[in-house]
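# Architecture and fold: a report
Each chain is listed here by its residues.
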Amino acid sequence: MFVVTVTYTVPLDEVDRWRPAHGAWLNQLISQRLLLAVGRQVPLVGGVYLASGMPAEELDRLLVTDPYVLNGVATHSVVEFTPLLVAPGLEILKDN
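First, a word on scope: everything that follows refers to the structure included in this document. Residue numbers here run from 1 along each chain, matching the order of that chain's written sequence. Thresholds applied to this predicted model are a pLDDT of at least 70 for local features of residues and 80 or more for the giving and counting of side-chain atom pairs; totals over whole chains, interfaces and linings are not thresholded and use all residues. Where side-chain values are given, they derive from all heavy atoms of the structure, hydrogens and water being excluded.

### A look at the side chain of H22
Cut-off, in case you're wondering: A run of H or I in DSSP counts as a helix once it spans at least four residues, and a run of E counts as a strand once it spans at least two, with each numbered from the N terminus. Residues adjacent in sequence count toward polar contacts only when both atoms are side-chain atoms; beyond that, a polar contact is any pair of N or O atoms within 3.5 Å, and within protein one must be able to donate a hydrogen and the other to accept it. Residue contacts follow a heavy-atom distance rule, with two residues in contact if any of their heavy atoms lie within 4.5 Å.
On the secondary structure map, H22 appears in helix α2 (residues 19–31). Reaching out from H22, the side chain makes a polar contact with the side chain of Y49 at a distance of 3.5 Å. Apart from residues no more than four positions distant in its own chain, H22 is found in contact with Y49, D66, P67 and Y68.

### As for α2
Under the convention used in this document: Multiplying 1.5 Å by the residue count of a helix minus one yields the expected span of that helix. Burial classes follow relative accessibility: with a 1.4 Å probe on protein chains only, a residue under 20% of its type's maximum area counts as buried, one over 50% as exposed, and anything between as partly exposed. Note that the arc is computed from the directions linking the helix axis to the C-beta atoms.
For α2, spanning 13 residues, the distance from its first C-alpha to its last is 18 Å, which sits close to the expected 18 Å at 1.5 Å a residue. Every buried residue of α2 is accounted for by H22, W25, L26 and L29. The buried residues of α2 occupy an angular sector of 95° when the element is viewed end-on, so they sit on one face. Along α2, exposed side chains directed more than 90 degrees from the buried face belong to P20, N27 and S31.

### A short note on the packing of aromatic side chains
We apply this condition: Ring geometry is summarised as follows: Phe, Tyr and Trp rings, the Trp one being its six-membered ring, pair when their centres sit within 6.5 Å, and such pairs are stacked at plane angles under 30 degrees, edge-to-face over 60 and tilted between the two.
Per the counting criterion, the structure on display carries two aromatic pairs. With a centroid separation of 6.1 Å and 55° between ring planes, the pair formed by W25 and Y49 is classed as tilted. One end of the pair, W25, is in helix α2; the other, Y49, is in strand β3 (residues 46–51), with 24 residues separating them in the sequence.

### Looking at the sheet that holds β3
Which entries qualify depends on this criterion: The rule for pairing is simple: two strands pair if DSSP sees at least two bridges between them. Comment: axis = line fitted to C-alpha atoms, over the contacting stretch for helices; angle = value between 0 and 180 degrees taken between N-to-C directions.
Ordered in space as β2-β3-β1-β4, the four strands form an open sheet in which the pairing is antiparallel. The two strands at the open ends of the sheet, each matched to only one other strand, are β2 (35–40) and β4 (74–80). Direction aside, neighbouring strands of the sheet carry axes that sit 15° apart on average. Summarising the sheet, β2 and β3 pair through five bridges and their orientation is antiparallel. The residue of β3 that forms the bridge with G39 is V48. α2 rests against β1 (2–8), β2 and β3 of the sheet, and its axis sits at about 150° to β2.

Structure below.
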């Protein structure tokens, strides 16, 4: 399991230019269950993704295709962890 943090490297108006392409990219990965959850950081300095079910190398290959990264407006930081305890109904997170 991975927690990916996204950090904007330019002002928000520059990030906003790439938001539609980034949103389409996220929707595709969510539909393929490659990302399990995505959202904005508060305050809005970037985002957070929850990813599972793949080796770290595959995640790295996915993240470099993010329109934000391709257009130089954000960077990613990845933390890998092994879920040991999960809330009822989220047991699938331990299986990935």
